[in-house]
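A closer look at the structure
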Amino acid sequence: SSFSPAQSRDIKHQMHPYTNDVAHKTIGPRIIERGEGIYVYDDQGNKFLEAMAGLWSVAVGFGEPRLVEAATRQLQKLPYYHTFTHKSHSPSIELAEKLVDYTQGRMSRVFFTNSGSEANDTVVKMVWYYNNALGRTQKKKIISRKRGYHGVTVASASMTGLVGNHRDFDLPLPQMKHTSCPHFYREGQPGESEVDFASRMEAELEAMIIQEGPETVAAFIGEPVMGAGGVIVPPDTYWGKIQAVCRKYDLLIIADEVITGFGRLGKRFGSDVYGIEPDIMVLSKQITSSYQPLAAVMLNDDVASVISEHSGRLGSFGHGYTASGHPVATAVAIENLNIIQERKLVENAATTGAIMQAALRELAGHPLVGEVRGLGLIAAVELVADKESRRPFDPLGKAGAAVYGRAHENGLIVRAIQDTIAFCPPLIITPEQVSDMVARFAKTLDEVQKSLQV
Ligand code: PLP
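Note that the structure is predicted; figures quoted are calculated from it, not measured.

Overview of the domain arrangement of the protein chain
Taken domain by domain, the protein chain consists of domain 1 (31-60 + 344-452) and domain 2 (67-342). Averaged C-alpha coordinates put domain 1 and domain 2 at centres separated by 27 Å. Of the residues lining the interface, 25 residues belong to domain 1; the matching set on domain 2 comes to 23 residues. Secondary structure elements with two or more residues in the side of domain 1 that touches domain 2: α3 (53-56), α14 (345-361), β11 (369-375), β12 (378-383) and β15 (420-423). Residue contributions to the side of domain 1 that touches domain 2 peak at five residues, all from α14. Taken together, the residues that form the side of domain 1 that touches domain 2 break down as 16 nonpolar, six polar and three charged.

With respect to the site of the ligand
Contacts to the ligand come from 15 residues, most closely from Ser115, Gly116, Ser117, Gly151 and Val258. The element contributing the most residues to the shell around the ligand is helix α6 (residues 116-133), with three residues. Looking at the shell around the ligand residue by residue, the classes come out as five nonpolar, eight polar and two charged.

So, the packing of helix α4 (residues 65-77) against helix α13 (residues 327-342)
Closest axis-to-axis distance for the α4/α13 pair is 8 Å, and the angle between their directions is 150°. For the element pair α4 / α13, the angle class is roughly antiparallel. At the point where α4 passes α13, the crossing takes the right-handed sense. On the side of α4, the interface is formed by Arg66, Leu67, Ala70, Ala71, Gln74 and Leu75, while α13 contributes Pro327, Val328, Ala331, Val332, Glu335, Asn336 and Ile339.

Observations regarding the environment of Phe84
In this fold, Phe84 is placed in the loop between α4 and α5 (90-102). In this structure, the C-alpha to C-alpha distance between Phe84 and Ser324, residues 240 residues apart in sequence, is 8.4 Å.

Quick look at the sheet that holds strand β7 (residues 217-222)
Spatial strand order, β4-β10-β9-β8-β7-β5-β6: seven strands in an open sheet with mixed pairing. Both edges of this open sheet fall to β4 (109-113) and β6 (176-179), since each of them pairs with a single strand only. Adjacent strand axes in the sheet meet at a mean angle of 20° when their direction is disregarded. Across the sheet, α5 is in contact with β4 and β10 (295-299); its angle to β4 comes to roughly 125°.

Section: the packing of helix α9 (residues 194-212) against helix α10 (residues 238-248)
The interhelical angle for the contact between α9 and α10, taken along N-to-C directions, is 20°, at an axis separation of 9 Å. Here α10 runs roughly parallel to α9, going by the angle between their axes. As α9 runs across α10, the sense of the crossing is right-handed. On α10, the residues that touch Ala198, Ser199, Met201, Glu202, Leu205, Glu206 and Ile209 of α9 are Tyr238, Lys241, Ile242 and Val245. In the contact of α9 with α10, the residues fall into seven nonpolar, one polar and three charged.

Focus on the pairing of β12
Counting buried residues along β12, six of its six residues qualify, which places the element largely inside the surrounding structure. Neither face of β12 is left uncovered, since the one carrying Ile378, Ala380 and Glu382 and the one carrying Ala379, Val381 and Leu383 both have all their residues buried. Across six bridges, the pairing between β11 and β12 is antiparallel. Within the sheet, the bridge partner assigned to Glu371 lies in β12 and is Glu382. The turn joining β11 and β12, which pair antiparallel and follow one another in sequence, is formed by two residues; a positive phi near 60° is taken by Gly376. Where β12 meets β15, four bridges bridge the pair, whose relative direction is antiparallel. By the bridge assignment, Ala380 is partnered in β15 with Ala422.

Definitions and limits used
- Position numbers for residues count from 1 along each chain, tracking the sequence in the order it is written.
- Only residues with pLDDT of at least 70 are given local features in this predicted model, and only at 80 or more are side-chain atom pairs given and counted; all residues enter the totals for whole chains, interfaces and linings.
- Marked domain ranges trace back to an automatic or database domain assignment.
- Residues are defined as contacting one another if the C-beta atoms placed from their backbone atoms lie within 7 Å.
- Counting from the N terminus, the helices are DSSP H or I runs at least four residues long and the strands are E runs at least two residues long.
- Residues are grouped as follows: nonpolar covers Ala, Val, Leu, Ile, Met, Phe, Trp, Tyr, Cys and Pro; charged covers Asp, Glu, Lys and Arg; every other residue, Gly included, is treated as polar.
- For each residue, a C-beta atom is placed from the backbone, and the residue counts as near a molecule or strand when that atom lies within 6 Å of it.
- Orientation is described by lines fitted to C-alpha atoms, with helices fitted over the stretch in contact, and by angles between N-to-C directions that extend from 0 to 180 degrees.
- Between 65 and 115 degrees an angle is taken as roughly perpendicular, under 35 as roughly parallel, over 145 as roughly antiparallel, and anywhere else as oblique.
- Crossing handedness follows the turn of the near helix against the far one: under a right angle anticlockwise gives a left-handed crossing, and clockwise gives a right-handed one.
- In short, DSSP must find at least two bridges between two strands for them to pair.
- Each residue is classified by how many other C-beta atoms fall within 10 Å of its C-beta atom, where C-beta atoms are placed from the backbone; a count of 20 or more means buried, 12 or fewer means exposed, and values in between mean partly exposed.

Set out below in C-alpha cells:
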C-alpha cells in the first residue's frame, strides 16, 4: 500500500474514537506532529490553520511555553498525588479557589474529573444523590435536548441527544429524556417567529415534565450554545423561558459549559450571555487548553451543602477518580487561566469573534450556503443542496465530507458535522488570521461546488 510505516502501524494497532474503522484502513490517518500558535504541522511537513482548536479546546494555541513550564515545575515537585480521604495538594486547592472566583461567587465548590464525559456522569450521580438526600427518591429523570452533546460514558451518552451515541450501545438509560433542539433554521415552522419558536420549545418542555410527572423529573441539562450537535445558537429568549419552566417544577439547571466556558462566546461563560443561573456548571477543554486532561463540576451553595451533609450521614461521598484534581493538570489549568486573563482572550473572543462572524456571514450568498450562525469565536456554516427550500444533500454529509477533505488541501482544518462546517479557532486568533481562515474556506467552498456540480 501507499501508507507510511507510521500509518500502517496506526491502522494495525490503534482503534480510533469517532472513526469508521473500515474506512480508516483505506484512508489512513493524517499524523499531526507539532503545533505552534493556531497552526499544526503533519509528519509530511504540511501546515494547517487549526480552525477547530483541536476539539474546541486549545484556547491559548499550540506550543505555549508557559504551560510547558507549569507542567514541568509540577512534575518535578509532586508529579502525582490523589485527593481522596482527607488528602489534598496546592495546585488543586488553588485552582478550585480560582474557579470559584472566576464564577464571581455564583458557584461555591468544585469536584474535579479527567474528562467532560466523566464530569457529566458525576453530575448525574450528584443529582441522584442530592434528591436521595432530600428524600425525593422518585425525582431522578434528567431532560436534555436532541442534538445536545454531553459525552460518551454510559450516563453522559444517555444525555447526549445524537443517534450515533445510542444506536447499538443499548442507550439511553431510561431516566434520560430528550426534548427538542432549539435550531430555528431547521426546526422553526413556516411563518413562525424566533420568539414564537422559543415559546413553543418552552411549552414542549413543560408538557414533557407534566407528562412524566414533575415529581419524577430532577434536572435539565444543556449547552448554552450547542457545539458538537452543529453549533446551534438558540433564540435570545430561549434560555429565559427554559429556566422559568425548570424553576416552576423544581428542576436543577445544569449548564454544560465544556465548550462555552472560558470565553468562547465572548463572555466568561455561556451562562453570562443568556442569563442562565445554573445550579451546576460543567467545565473542561479550555480549562487547560487541553494540554492536560481535566474537567470540573461546579456546584452552587445549595447543591454543595446538601451533598456535603449527606456524605456525612453515609460516611462518604462514594465517587472519585484516581486522577481527580491531578496536580499536573490543575497546575497547567492555573497557568492557562492566568494567560486567558492577562492576554484578555475573553475580550478577544468578543472583538475578533465579531470580525469572524461578519466575515463568515459574507459567504451567506454562496450557492452552497444555507445558514451562517455563531457567536464569539464559534460559528457554523450549514450547507444545503438548495438554498430556497433548504433541501439537504443526499446523502446527508456528502458536501460536508467534501469540504472537510478539500479544506486540508487548502491548509485548513475544520469540522464537518454532516453538512454543517464548524469553526472554533483558538482564542488567540488575530483579525488577520481570521481573514486568512475565511479566505481558505471560501476557496474550498468554490472548489467543492464545482466538484459537486450544483
Ligand atoms: N460536554 C460537551 C458540551 C462537550 O462538547 C464534550 C466534548 O466534546 C463533552 C461534554 C465530553 O467531554 P470529553 O470528550 O472530555 O469526555
